[in-house]
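Given next are the chains, with one letter for each unit.
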Protein chains: 2
Amino acid sequence: MGTPARSDPQALVAAAREGDRAALARLISLVESAGAQARAVAEAVGPVAGDAYTVGITGAPGAGKSTLTSALVATMRAGALDAAPIERVAVLAIDPSSPFTGGAILGDRVRMGDHALDAGVYIRSMATRGHLGGLALATAEAARVLDAAGYSWILLETVGVGQVEVDVAGAADTTVVVVNPGWGDAVQANKAGLMEIADLFVINKADRPGVAETRRDLEQMLELSAPPGDSEAAWRPAIVETVATSAGGAGELWAAVRRHRHHLESSGALAQRRRRRVTDELRRLLATRLWLRARGSTEGPAFDALRDAVLDRRLDPWAATDELLGTADDEP
Amino acid sequence: MGTPARSDPQALVAAAREGDRAALARLISLVESAGAQARAVAEAVGPVAGDAYTVGITGAPGAGKSTLTSALVATMRAGALDAAPIERVAVLAIDPSSPFTGGAILGDRVRMGDHALDAGVYIRSMATRGHLGGLALATAEAARVLDAAGYSWILLETVGVGQVEVDVAGAADTTVVVVNPGWGDAVQANKAGLMEIADLFVINKADRPGVAETRRDLEQMLELSAPPGDSEAAWRPAIVETVATSAGGAGELWAAVRRHRHHLESSGALAQRRRRRVTDELRRLLATRLWLRARGSTEGPAFDALRDAVLDRRLDPWAATDELLGTADDEP
């Protein structure tokens, strides 16, 4: 029997769990395209999802995220001194569908070809433009599909420019922020944002000048940041140096990720993070579904009249949406 | 009398129209912070808004957008051979609040200091993290404030990485996409996205090698793109070469922007674009207000129970939001 029909998520999930990569690819495509099928996929996946651990890898364009991700995957699969090989690793590369970054992304995908012959590795680029609930919701859904298919480690690679991408990276269990030597000014200027999401820092391209200064900048930032008051207080982000092009430091990164996982699990912070993440996901989905309900009211002659009134300055946008909501006074 | 109190948008609008820059700054801060004041600002601004023309300037980090914007502003203010000086020009620099781009943005803002003594130029960086309706809605609101304050030309400068930023740039009357020599591969890989938003291309840093190839790549892309079927069919994006650091080409860019404006006005396409833009804005605002209404249902013990059911795989996220919506069958 071949891969089940495109339209049957239940059968696709069963096939994906048996190792059918084409079925897995179809499920993620259904998530990407959203629409009526997204719910069917969620229903099929929900009860069988496993307990995958997710690692977000983010950083500015050119930081070497994809090469680093590839090196990390190889290390995870091969095993390290004190860690058994991981049976199944998945990479979700979140493509912000930018008109500007495609060249680099295409190049990255080619590099990921290193794992093309490894049946324990699944790599998927997600084009999320147009997904109804946005990048973050699509990523959560796709991660759940991979989890159900038996991938116990899922790496989420995002280009860290823009709030949306940071949301996605921050939704992982462990978030790795990749910087390069010489990024001191950028680090200083963005202390708050970095501290908010980073569990680990990687100084990639550590064979270039300026590593010591970058490490000092990061350490200074960590030093100055007020001790947080929640249960994650005991964790101080590690700083790992890597040369991803030659896989240098990948073992240290893998060890640091496992140490952070252990910290989260033993402190109870992992459960807390996952509650927060599911809360965010439910809120996004609720907002999306509310919007689907209301969309009908933004089409047709009555809407066109309101729109023209706004264009002609006879109504402000709030007053126009009052009309669409059928009320004027139940919100701020 | 000094600038009116922070809490009175009506008085702030009146003052801003008289040239009070502190009042203008306060109004935009109210838009940024959103919340209860955003509506009051929209109501105060709505009836007095003018007829500003907006130009979006977007491109990848490092393309030289800020320097180019600054050179364009100087040209607009000085006037050109066949164009009178523009009395009031505003620049809204949309900061995606990234943890990675701050260094560059800080540098850009310093460069914009060229216009610090020109009372006809207003430059404002917008930190839109946390705005309820997102970047696009905040930008539309801020542009309306600037319009009401008498700025007849508004330049929207965005870092073009990510769908949100492209949405913002694409919401302008004329959208300028800035590339650099040597970006051929990136251009090729992103034909669709570029064609969708670009009215004009600028090859900035045109004193570097590779200009001819980049121009050829852009021209080839324009050549191959199918002729669109709508009323804007007659426009073929111009390609302008600039060296923004020495203001080279700024006059040509200004002329190209005016040619595009003339094309849009004479073809009726401008009205069509603005109808589309207000439609988008009303939809975003409606979605935001619906979300504000529903947010209360995502807090408290009943919500926590649903969240835990999703965490434990007893419910999928769709079924959980069914409960929150009080229905299961009125949507796809």
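As the structure is a prediction and not an experimental result, all values here were calculated from the model. (Residues numbered from 1 in each chain as written. Chains lettered and ligands numbered in written order. Predicted model: local features only at pLDDT ≥ 70, side-chain atom pairs only at ≥ 80, totals over all residues. Heavy atoms only, no water.)

Novice: Whenever I open this one, the overall build of chain A confuses me. Can you help?
Specialist: Broken down by element type, chain A carries 14 helices and 7 strands. Going through the 332 residues of chain A one by one, you find that 56% of them count as buried. Pairs at least 24 residues apart make up 74% of the contacts formed inside chain A by residues separated by at least 6 positions. Of the roughly 13,300 Å² of accessible surface on chain A, a fraction of 53% belongs to carbon and sulfur atoms. (Helix = DSSP H or I, 4+ residues; strand = E, 2+ residues; numbered from the N terminus. Buried < 20%, exposed > 50% of the residue type's maximum accessible area, 1.4 Å probe, protein only. Contact = heavy atoms within 4.5 Å. Areas by Shrake-Rupley, 256 points an atom, 1.4 Å probe, with all protein chains shown as cover.)

Novice: What am I meant to see in the packing of aromatic side chains here?
Specialist: Between two aromatic rings, the relevant description is the distance of the centres plus the angle of the planes. Enumeration according to the criterion identifies 6 aromatic pairs over all chains in this entry. Taking the centre distance of 6.1 Å and the plane angle of 45° together, the rings of Tyr122 of chain A and Tyr151 of chain A count as tilted. Of this pair, Tyr122 of chain A sits in strand β3 (residues 121-127) while Tyr151 of chain A sits in the loop between α6 (134-148) and β4 (153-159), and the two are 29 residues apart along the sequence. When sorted by exposure, Tyr122 of chain A lands in the same class as Tyr151 of chain A, which is buried. Three or more aromatic residues joined by ring pairs form one cluster here, namely Tyr53, Trp153 and Trp254 of chain A. The positively charged end of Arg258 of chain B is found above the aromatic ring belonging to Trp254 of chain B, 5.1 Å away from the centroid. (Phe/Tyr/Trp six-rings, centres within 6.5 Å; stacked < 30°, edge-to-face > 60°. Lys NZ or Arg CZ within 6 Å of the ring centre and 35° of its normal.)

Novice: Is there a simple way to think about the pattern of salt bridges in this case?
Specialist: When the charged atoms of two side chains lie near each other, side chains of opposite charge can form a pair. Residues and elements named next belong to chain A. Inspection of every chain in the model, using the stated rule, returns 40 salt bridges over all chains. Measuring nitrogen to oxygen at the nearest pair gives 3.6 Å for the salt bridge that ties Glu223 to Arg236. Here Glu223, found in helix α10 (residues 211-224), pairs with Arg236, found in the loop between α10 and β7 (238-241); they are 13 residues apart in sequence, far enough to count as distant. Residue classification places Arg236 among the partly exposed residues on the basis of a relative accessible area of 43%. (Salt bridge = Lys/Arg side-chain N within 4 Å of Asp/Glu carboxyl O.)

Novice: What is the right way to look at the environment of Ala319 of chain B in this model?
Specialist: Note that Ala319 of chain B resides in helix α14 (residues 317-325). Here the alpha-carbon distance between Ala319 of chain B and Leu306 of chain B, two residues 13 residues apart in the chain, equals 9.3 Å.

Novice: Explain the pairing of strand β5 (residues 174-179) of chain B here, please?
Specialist: Each regular strand displays side chains that alternate between the two surfaces of the sheet. All names here are of chain B. Counted residue by residue, β5 has 6 buried out of 6 residues, so it is predominantly covered. Neither face of β5 is left uncovered, since the one carrying Thr174, Val176 and Val178 and the one carrying Thr175, Val177 and Val179 both have all their residues buried. In this structure, strand β1 (residues 53-59) lies alongside β5, joined through 4 bridges in parallel fashion. Among the inter-strand pairings, Ile57 is bridged to a residue of β5, identified as Val176. Across 4 bridges, the pairing between β5 and strand β6 (residues 200-203) is parallel. (Pairing = 2+ DSSP bridges.)

Novice: What should I look at first to understand the pairing of strand β1 (residues 53-59) of chain A in this one?
Specialist: Counting buried positions over the 7 residues of β1 of chain A gives 7, a clear majority of the element. In this structure, β1 of chain A lies alongside strand β5 (residues 174-179) of chain A, joined through 5 bridges in parallel fashion.

Novice: Explain the environment of Thr75 of chain B to me, please; I cannot follow it from the model alone.
Specialist: Residue and element names in this part refer to chain B. Inspection of the secondary structure puts Thr75 in helix α4 (residues 65-78). Other than its neighbours up to four places away in sequence, Thr75 contacts Ala250, Gly251 and Trp254. Polar side-chain contacts of Thr75 include one of 3.0 Å to the backbone oxygen of Ala71. (Polar contact = N/O pair within 3.5 Å; in protein donor to acceptor, adjacent residues only side chain to side chain.)

Novice: What am I meant to see in helix α10 (residues 211-224) of chain B here?
Specialist: Because an α-helix packs 3.6 residues into every turn, residues spaced three or four apart end up facing the same way. All names here are of chain B. End to end, α10 covers 20 Å across 14 residues, agreeing with the expected 20 Å (1.5 Å per residue, within 8%). Of the positions making up α10, those classed as buried are Val211, Thr214, Asp217, Leu218, Met221 and Leu222. Within α10, the buried residues cover an arc of 130° as seen down the axis, which keeps them to one side. Exposed residues on α10 whose side chains face more than 90 degrees from its buried face are Ala212, Glu223 and Leu224. (Expected span 1.5 Å × (residues − 1). Arc of directions from axis to C-beta.)

Novice: It is not clear to me how the confidence of the model for chain A should be interpreted in this structure. Could you clarify?
Specialist: Predicted coordinates in regions of low pLDDT should not be interpreted in detail. Residues and elements named next belong to chain A. Summarising the model, chain A shows a mean pLDDT of 82, and 78% of its residues fall at 70 or more. Here helix α5 (residues 102-111) stands out as the element of chain A with the lowest mean pLDDT, 46, in contrast to helix α11 (residues 250-267), whose mean of 96 is the highest. Note that residues 97-108 has pLDDT below 50 and, in this model, 36 contacts with residues that lie over four places away or in other chains. Here residues 327-332 is a poorly scored stretch, pLDDT under 50, and it has 12 contacts once near neighbours within four places are set aside; other chains count. Prediction confidence for the complex, expressed as pTM and ipTM, is 0.73 and 0.82 respectively. (pLDDT = per-residue confidence, 0-100.)

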